[in-house]
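# Report on the structure
Residue strings, one per chain:
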Amino acid sequence: MDKFGSIVRINLTTGSVKKESLCEKTMKEFIGGRGYATKVLYDELPKGTDPLSPENKLIFANGPLTGKGAPASGRYMVVTKSPLNNYIASSNSGGFWGAELARAGWFMIILEGKAQKPSYIWINDDKVEIRDASAFWGLDSHEATDKLLAAVGDDKAKVACIGPAGERLSKLAAVMNDKNRAAGRSGVGAVMGSKNLKAIVVKGSSRPHVENQDEMKSVLATAMEKLKTNPVTSQGLPTYGTAVLVNIINQIGGYPYKNWQGAHMPEADSQSGETLARDFLTKRYSCFGCPIGCGRVTKVGDREGEGPEYESIFSFGVCCGVEHLEPIIEANYLCNEYGLDTISAGVTIAAAMELYEKGYIKKEELEGGPELKFGNAEAVTYWTKKMGLVEGFGKKLAMGSYALCEMYGHPEFSMTAKKLEMPAYDGRAVQGIGLNYATSNRGGCHVRGYTTSPEVLGLPQKLDPAEYQSKPTWVKIFQDLTAAIDSSGMCLFTSFALGADDYAAFLKAATGFEYDAAEALKAGERIWNIERLFNLREGMDTAEDTLPSRLLNEPIPEGPAKGMVSHLPEMLPEYYKLRGWDAKGIPTTGKLEELGLQ
Amino acid sequence: MIKVLFFATIRDYTNEKETTAEGASSIEGLLRFLCARYGPEFETEVFEGEKISDRVIVLVNGKHIAHTGGPLTPVKDGDTIAVFPVIGGG
């Protein structure tokens, strides 16, 4: 095997399994994970490929730090062409699966074609087999994981799989690993389902290569000290999980209520991280090598599971007008089991609620199911289940918010950017995050450039969320840095305590390549631009760098941010300029030459 | 009457989610008043010497005091003040 791990290319149509060496030049320039996989997809995928056809490629990719001892370094990426919007899909997940893939000696899996029957892949160190998964098809992610581990006869192996949502090609389907970790967004689970691939089971026994162990130890010691003394990574996230954000985002008036018809929920504390910790938390969960432990293990009645994260509380809670945590937790469990993205699932139900309350969806269409009214907790769990099973009216929900609203003639109710459902921060109250949603290459996503950190949380410095003139600069920097972190194999949450210097030092120790902070950011910029090129090649109109009209034209009606709208039109030209793109948002020849992408 | 809300670990020091206060004219004055009410642990969390600590986020009617005048931010009857520790998530 190559010292940094090898690439395995598996054609599910022909059954061929080929080992390939990774290219160290590409690794240096695109780091790994999100960056390297996007480069492969850009080079290999013909323009116009149907995302759910055998011709699409599905790539699982580690970063050069995955599984190698850096803190929170269990991350891997799933990269493909999204069936939700036909643009780049790159979803990140933690847990232990990625680290196990590294221990098996693999850096990346490239999946092509379509299996003739339900299949799974069994990777046992350097042995890679395509196996029959007929016995596991139809199982939810938890049952499938247990039975697959029994089938391979090794309960220490790690499973990444799809649930019924992915099998039935829901465009909101996630890839689930370690039962409850999700590469959630952009419908990557549907692409896996379209290939008749139920799971990838991995077991490894080697220690992943680190180029300079002494340097790694030194960098690790510095980083651990920062993580242990930072109040976010040492106290806030471990104690309350990501749900600690509920109250502060609500207090600033940026907590999207009833499908963004409002931005403040007076009862928000009843669904906060504080309430979750007090009434439902049984223990914390930590991914591979993570000193933070933000994961939540919870119990409701006789049901125990993981989550919810802040985003899931938002989507099934405030966005659907639901106050209490019990149904939100239940909906979150269902998403883990059926393999659904929680953000897209909840926001799609919220859009359906608006369509229903305004009379566009008729009661008869619900076939006796609970009415899609804001605040109806029963509707949230019931329709999440139907969406996960892709049955009845759930078939329409499983298409996602944009397709649903368009079908009913009202795409303006779809709270999406590039057809991907937006997360839990109102871009009217927090200007920079709105620009980030509008320009994110995969669509409405907060973790492409999490400017909420400086705009609301004051990290690394305190920016006024209402001010917009400075935000293009921040958005660009955060987007580039995030692309580098995602590609490294480390968790983005470490960035509350660590900076570009730290990530560059980890990359240098692990690979021996001469990274510094500027080089890491440059690699991030390169990744951002190749994602942009991918989308443009697929026909993206740069007019799609926008937000729903509600955020641009309807002032927030109440709460602390009352009266605010997004200033996207003022921010976008400056953002394009900073990116070195032309006035229409097309990367210039000069910029592409500078990045080696010409 | 000024309404004061406490969140996350700040509640460990106040043992209540919210309270009311009157008489203070600035954020700093209000926080000093609350220190007298809740004691030295609360004070240690909220103040670093004479300065409001960087370990807390203080909002006045939803606006961070960094953007409203800092410790001298005026407060008046009807205002809502929120006190958080520095937190993060995603």
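In every chain, residue numbers begin from 1 and rise along the written sequence. Each chain takes a letter, starting from A, and each ligand takes a number, starting from 1, following the order in which they are written. Selection of residues for local features in this predicted model requires a pLDDT of at least 70, selection of side-chain atom pairs for listing and counting requires 80 or more, and totals for whole chains, interfaces and linings are taken over all residues. Note that the side-chain values use all heavy atoms of the structure and ignore hydrogens as well as water.

### Structural notes on the pattern of salt bridges
Short version of the rule: What counts as a salt bridge is simple: a side-chain nitrogen of Lys or Arg found within 4 Å of a carboxyl oxygen of Asp or Glu. Secondary structure elements are defined from DSSP: runs of H or I of at least 4 residues count as helices, runs of E of at least 2 residues count as strands, and each element is numbered from the N terminus. Accessible area is worked out with a 1.4 Å probe on protein chains only. A residue is then buried under 20% of its type maximum, exposed over 50%, and partly exposed in between.
Scanning the entire structure with this criterion turns up 50 salt bridges over all chains. As a salt-bridge pair, Arg 9 of chain A and Glu 112 of chain A come within 2.6 Å of each other at their nearest N and O atoms. Of this pair, Arg 9 of chain A sits in strand S1 (residues 6–11) while Glu 112 of chain A sits in strand S6 (residues 106–112), and the two are 103 residues apart along the sequence. Across the pair, Glu 112 of chain A and Arg 9 of chain A agree in class, each one buried. Residue Arg 32 of chain B pairs with Glu 43 of chain B through a salt bridge whose shortest N-O separation is 3.4 Å.

### Remarks on helix H12 (residues 325–338) of chain A
All names here are of chain A. Applied cut-off: Multiply 1.5 Å by the residue count of a helix minus one, and that product is the helix's expected span.
An ideal rise of 1.5 Å per residue puts 20 Å on 14 residues; H12 measures up with 20 Å between its terminal C-alpha atoms. The buried fraction of H12 is high, at 12 of 14 residues. Among the residues of H12, Leu 325, Pro 327, Ile 328, Ile 329, Ala 331, Asn 332, Tyr 333, Leu 334, Cys 335, Asn 336, Glu 337 and Tyr 338 are the ones counted as buried. Gly 339 occupies a position one or two residues after H12 and carries a positive phi of about 80 degrees.

### Brief notes about the sheet that holds S6 of chain A
Residue and element names in this part refer to chain A. Inclusion rule: Here a strand pair is declared whenever DSSP counts at least two bridges between the two strands. Orientation is described by axes fitted as lines to C-alpha atoms, over the contacting stretch for helices, and by angles from 0 to 180 degrees between their N-to-C directions.
Within the open sheet, the six strands sit side by side as S2-S1-S6-S3-S4-S5. Their pairing is mixed. In this open sheet, the two strands that pair with only one neighbour each are strand S2 (16–20) and strand S5 (88–93). For this sheet the average axis-to-axis angle between neighbouring strands, irrespective of direction, equals 15 degrees. Two elements, S1 and S6, share six bridges in a ladder whose sense is parallel. Along S6, the bridge assignment pairs Ile 10 with Leu 111.

### Points about the pairing of strand S1 (residues 2–6) of chain B
All names here are of chain B. Within S1, four of the five residues are buried, leaving the element largely enclosed by the surrounding structure. Pairing analysis gives four bridges linking S1 to strand S2 (residues 18–21), with the strands arranged antiparallel. Each bridged residue has a counterpart across the sheet, and for Val 4 the counterpart in S2 is Thr 19.

### Quick look at the side chain of Ser 119 of chain A
Residues and elements named next belong to chain A. The cut-off we apply is this: Each polar contact in these results corresponds to two N or O atoms within 3.5 Å; when the atoms are within protein, one needs to be able to donate a hydrogen and the other to accept it, and residues that are neighboring in sequence are counted only if both atoms are side-chain atoms. Working rule for contacts: check all heavy atoms of both residues, and any pair within 4.5 Å makes them a contact.
Looking at the secondary structure, you find Ser 119 in strand S7 (residues 119–124). Accessibility expressed as a relative area gives 5% for Ser 119, which makes it buried. A polar contact of 2.8 Å, which involves the side chain of Ser 119, links it to the backbone oxygen of Lys 117. The contacts of Ser 119, once residues within four sequence positions are left out, are Ile 130, Arg 131, Asp 132, Ala 133, Asn 196, Leu 197, Lys 198 and Ala 199.

### What about the packing of aromatic side chains?
Counted only if it meets this: Ring geometry is summarised as follows: Phe, Tyr and Trp rings, the Trp one being its six-membered ring, pair when their centres sit within 6.5 Å, and such pairs are stacked at plane angles under 30 degrees, edge-to-face over 60 and tilted between the two. Look at NZ for Lys and CZ for Arg. If either is within 6 Å of the ring centre and within 35 degrees of the ring normal, a charge sits over the ring.
In the structure shown here, the tally under the stated rule is 26 aromatic pairs over all chains. Arranged with centres 5.5 Å apart and planes meeting at 55 degrees, the rings of Phe 60 of chain A and Trp 97 of chain A form a pair that is tilted. One end of the pair, Phe 60 of chain A, is in strand S3 (residues 58–62); the other, Trp 97 of chain A, is in helix H3 (residues 97–103), and 37 residues separate them in sequence. We note that Phe 60 of chain A, like Trp 97 of chain A, is buried. With a centroid separation of 6.1 Å and 85 degrees between ring planes, the pair formed by Phe 6 of chain B and Phe 42 of chain B is classed as edge-to-face. Here Phe 6 of chain B is found in strand S1, whereas its partner Phe 42 of chain B is found in helix H3 (residues 40–46), with 36 residues between them in sequence. For Phe 42 of chain B, a relative accessible area of 1% puts it in the buried group. Sitting over the ring of Tyr 515 of chain A, Lys 28 of chain A keeps its end group 5.5 Å from the ring centre. Over the ring of Tyr 42 of chain A we find Arg 537 of chain A, and its NZ or CZ is 4.2 Å from the ring centre.

### Focus on unusual backbone geometry
All names here are of chain A. Following Gly 307, the chain continues to Pro 308 via a peptide bond in cis, the omega torsion being 5 degrees. Its location among the elements puts Pro 308 in the loop between strand S15 (303–306) and helix H11 (310–316). Between Leu 459 and the following residue, Pro 460, the backbone shows a cis peptide bond with an omega angle of 0 degrees. Looking at the secondary structure, you find Pro 460 in the loop between helix H18 (452–457) and helix H19 (471–488).

### Notes on empty space enclosed by the protein
Selection rule: The rule is simple: put a 1 Å grid over the protein atoms alone, call a set of points where a 1.4 Å probe fits but cannot get out a cavity, call an open set with protein on both sides within 12 Å along at least five of seven lines a pocket, and count a residue as lining if it has an atom within 4 Å of a point. Grid points are joined across faces, edges and corners, and a volume is the space filled by probe spheres set on the points. Under the grouping applied here, Gly and all other residues not named as nonpolar or charged are polar, the nonpolar ones being Ala, Val, Leu, Ile, Met, Phe, Trp, Tyr, Cys and Pro and the charged ones Asp, Glu, Lys and Arg.
Within this structure, the stated rule accounts for two cavities of 30 Å³ or more. Quantified by volume, the largest cavity comes out at close to 860 Å³. Forming the walls of the largest cavity are 44 residues, and the residues nearest its centre are Arg 75, Asn 92, Arg 181, Ala 182 and Glu 309 of chain A. The element that contributes the greatest number of residues to the lining of the largest cavity is S5 of chain A, accounting for three residues. Among the residues making up the lining of the largest cavity, the classes are represented as 16 nonpolar, 18 polar and 10 charged. Considered as a void within the structure, the second largest cavity measures approximately 40 Å³ in volume. If you trace the second largest cavity, you find it lined by Pro 231, Gln 235, Gly 236 and Tyr 240 of chain A together with Ala 8, Thr 9, Pro 85, Val 86 and Ile 87 of chain B.

### With respect to the environment of Glu 337 of chain A
Residues and elements named next belong to chain A. In this fold, Glu 337 is placed in helix H12. For Glu 337, a relative accessible area of 12% puts it in the buried group. The spacing of Glu 337 and Ser 16 is 321 residues in sequence and 31 Å in space, taken between C-alpha atoms. In contact with Glu 337, not counting residues within four places along its chain, are Asp 140, Ser 141, His 142, Gly 163, Pro 164 and Arg 303. A distance of 2.8 Å separates the side chain of Glu 337 from the side chain of Arg 303, its partner in a polar contact.

### Notes on the sheet that holds strand S12 (residues 197–203) of chain A
What links the strands of a sheet is backbone hydrogen bonding, and the strands pair in either a parallel or an antiparallel sense. Residues and elements named next belong to chain A. In spatial order, the strands read S8-S7-S12-S9-S10-S11; together these six strands make up an open sheet with mixed pairing. The open sheet terminates on both sides in strands that have one partner only, identified here as strand S8 (127–132) and strand S11 (181–183). Taken pair by pair, the neighbouring strands of this sheet meet at an average axis angle of 20 degrees, ignoring direction. Relative to S12, S7 runs parallel, the two being bridged by six bridges. Counterpart to Asn 124 in the pairing with S12 is Lys 203. Contacting S7, S8, strand S9 (158–161), strand S10 (175–177) and S12, helix H4 (residues 141–152) runs over the sheet at an angle of about 135 degrees to S9.

### Thoughts on the layout of surface pockets
Each pocket or cavity is described by its volume, and for the largest pocket that value is around 540 Å³. Breaking the lining of the largest pocket down by element, the ones donating at least two residues are H18 and H19 of chain A together with strand S5 (56–60) of chain B. For the lining of the largest pocket, a count of residues per class yields 21 nonpolar, 10 polar and three charged. Estimates place the volume of the second largest pocket at around 250 Å³. For the second largest pocket, the lining is made up of 14 residues, of which Tyr 402, Thr 416, Lys 418, Lys 419 and Thr 546 of chain A are closest to its centre. Residue composition of the lining of the second largest pocket, grouped by class: six nonpolar, four polar and four charged.

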